[in-house]
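Next come the chains, spelled out residue by residue.
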Amino acid sequence: MMTKKVLLAGESWVSTATHIKGFDQFPTVTFHTGADALLAALKGGPFDVRFMPAHEAQRDFPQTIEALSDYDAVILSDLGANTLLLHPDTWIHSKTTPNRLKLIREYVRGGGGLLMFGGYYSFQGINGGARYHKTAVEEVLPVTCLPVDDRVEVPEGFTPVVTGAADHPILKGLGGDWPVLLGFNEVTVKPGAEVLATVTGEYGSLPLLVTGTYGKGRTVAWTSDVGPHWLSPDFVAWPGYKPLFEQMLAWATGA
């Protein structure tokens, strides 16, 4: 299989803390990434993944369809719409810049693959802050985002329910016994999209894994996470973790 190029944007954050010890206090700043398990699983396989952390994506995410088309698939994971809309030239210098959400729509229409993975800044996100509802990216996705905070926290865990055919290219070899997940983004399925897996009936059998098409391109929505905190350690250790995400990418790129 020929190597496919993939751009993974998002999955990073900076945390600040204030430590108070009696009269004294001091601040600390730490940088974190949430894609380590996914990148390790995909390493050495048929996909050449460029990881673009969120703070780099604001400036470096492609601004032309030509640059975007260098990739066979784009993954948006825990990356709010504002990061792509507000390039530093616009945010700081009030200059016009390309609308990268519209560029993604054009990219998929022309045959590119788009995958959105869940998280606090995916779909509509925490406090509605991811803000993909009524955007060009939502138009492309196989699901519609809620206009409000769409997180569903499941601290007790739920076991995914596989609803697609066992021989579907994304589900092949995975069986129906998947480890628990601890949360997901609530979305609604668009007409014509295919639901391959859902959450449990207790949580309304809401969509977990959905595929669709837009123009000449293919799209995938995975409404839970790729790492902490919604993805349990058991899910990361599951032998199906690597093939699940590899097969999502293979399907999205037509490999």
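The model shown is predicted, which means the values in this text are computed figures rather than measured ones.

Conventions and cut-offs
Residues numbered from 1 in each chain as written. Predicted model: local features only at pLDDT ≥ 70, side-chain atom pairs only at ≥ 80, totals over all residues. Heavy atoms only, no water. Helix = DSSP H or I, 4+ residues; strand = E, 2+ residues; numbered from the N terminus. Rg over C-alpha atoms; globule rule 2.2 N^0.38 Å. Contact = heavy atoms within 4.5 Å. Lys, Arg positive; Asp, Glu negative; His and termini not counted. Charge placed at Lys NZ, Arg CZ, Asp CG, Glu CD. Buried < 20%, exposed > 50% of the residue type's maximum accessible area, 1.4 Å probe, protein only. Pairing = 2+ DSSP bridges. Arc of directions from axis to C-beta. Core = buried A, V, L, I, M, F, W, Y, C linked by side-chain atoms within 4.5 Å. Expected span 1.5 Å × (residues − 1). Phe/Tyr/Trp six-rings, centres within 6.5 Å; stacked < 30°, edge-to-face > 60°.

**Student:** Account for the overall build of the protein chain, naming residues and giving values.
**Tutor:** Helix and strand counts for the protein chain stand at 9 helices and 14 strands. A globule of 255 residues ought to have a C-alpha radius of gyration of about 18 Å, and the protein chain, at 18 Å, matches this closely. C-alpha extents for the protein chain along the principal axes are approximately 60 × 45 × 40 Å. Within the protein chain, counting contacts between residues at least 6 apart in sequence, those at least 24 apart form 68% of the total. Separation of charge centres in the protein chain, based on 19 positive and 26 negative side chains, amounts to 9 Å.

**Student:** Please provide a residue-by-residue account of the pairing of strand E13 (residues 207–214), values included.
**Tutor:** For E13, the tally of buried residues reaches 7 of 8 residues, placing the bulk of the element in the interior. Where strand E12 (residues 194–198) meets E13, 4 bridges bridge the pair, whose relative direction is antiparallel. Within E13, the residue paired with Thr-198 across the bridge is Pro-207. Judged from the 6 bridges that link them, E13 and strand E14 (residues 217–222) form a sheet pairing that is antiparallel. Considered in E14, the bridge of Thr-213 is made with Arg-218. Between E13 and E14, which pair antiparallel and follow one another directly, the connecting turn spans 2 residues, one of which, Gly-215, has a positive phi of 60°.

**Student:** Before we move on, can you summarise the side chain of His-168 with the specific residues and values?
**Tutor:** Looking at the secondary structure, you find His-168 in the loop between strand E9 (161–162) and strand E10 (181–185). With residues up to four places along the chain from it excluded, the contact list for His-168 reads Glu-194, Leu-196 and Trp-251.

**Student:** Give a description of helix H6 (residues 100–109) that names residues and reports values.
**Tutor:** Of all the positions in H6, only Arg-100, Leu-101, Leu-103, Ile-104, Tyr-107 and Val-108 are classed as buried. Around the axis of H6, the buried residues are gathered within 155° of arc, so they sit on the same side. Directly beyond the C-terminal end of H6, a positive phi value near 125° is found at Gly-111.

**Student:** An account of the nonpolar core is needed here, citing residue identities and associated values.
**Tutor:** Formed by 40 residues in total, the largest nonpolar core has its most connected members in Trp-178, Leu-209, Trp-222, Leu-244 and Met-248. When neighbours within four sequence positions are excluded, Trp-178 is seen to be in contact with Thr-159, Pro-160, Val-162, Leu-171, Ala-197, Leu-209, Trp-222, Phe-235, Trp-238 and Leu-244. Counting residues in hydrophobic clusters, the runner-up holds 34 residues, among them Met-52, Ile-65, Ala-130 and Leu-141.

**Student:** Give a description of helix H9 (residues 241–253) that names residues and reports values.
**Tutor:** Between the first and last C-alpha of H9 there are 19 Å, a value that for 13 residues agrees with the 18 Å anticipated at 1.5 Å per step. Those residues of H9 not exposed but buried are Tyr-241, Leu-244, Phe-245, Glu-246, Gln-247, Met-248, Leu-249, Ala-250, Trp-251, Ala-252 and Thr-253. Gly-254 lies just past H9 and shows a positive phi near 70°.

**Student:** How would you sum up the packing of aromatic side chains? Please name residues and give values.
**Tutor:** Taken as a whole and judged by the stated rule, the model has 9 aromatic pairs. Where Phe-117 meets Phe-245, the ring centres are 5.3 Å apart and the plane angle is 75°; that geometry is what we call edge-to-face. Residue Phe-117 is located in strand E6 (residues 113–117), and its partner Phe-245 is located in helix H9; the two are separated by 128 residues in the primary sequence. Of the aromatic side chains, those joined through ring pairs into one cluster are Phe-117, Trp-178, Trp-222, Phe-235, Trp-238, Tyr-241 and Phe-245.

**Student:** A description of the environment of Leu-196 should follow, citing residues and the corresponding values.
**Tutor:** If you trace the backbone, Leu-196 turns up in strand E12. Spatially, the C-alpha atom of Leu-196 lies 15 Å from that of Met-116, the residues being 80 residues apart in sequence. Apart from the residues within four sequence positions on either side, Leu-196 is in contact with Val-161, Val-162, Thr-163, Gly-164, His-168, Ile-170, Leu-171, Leu-209 and Thr-211.

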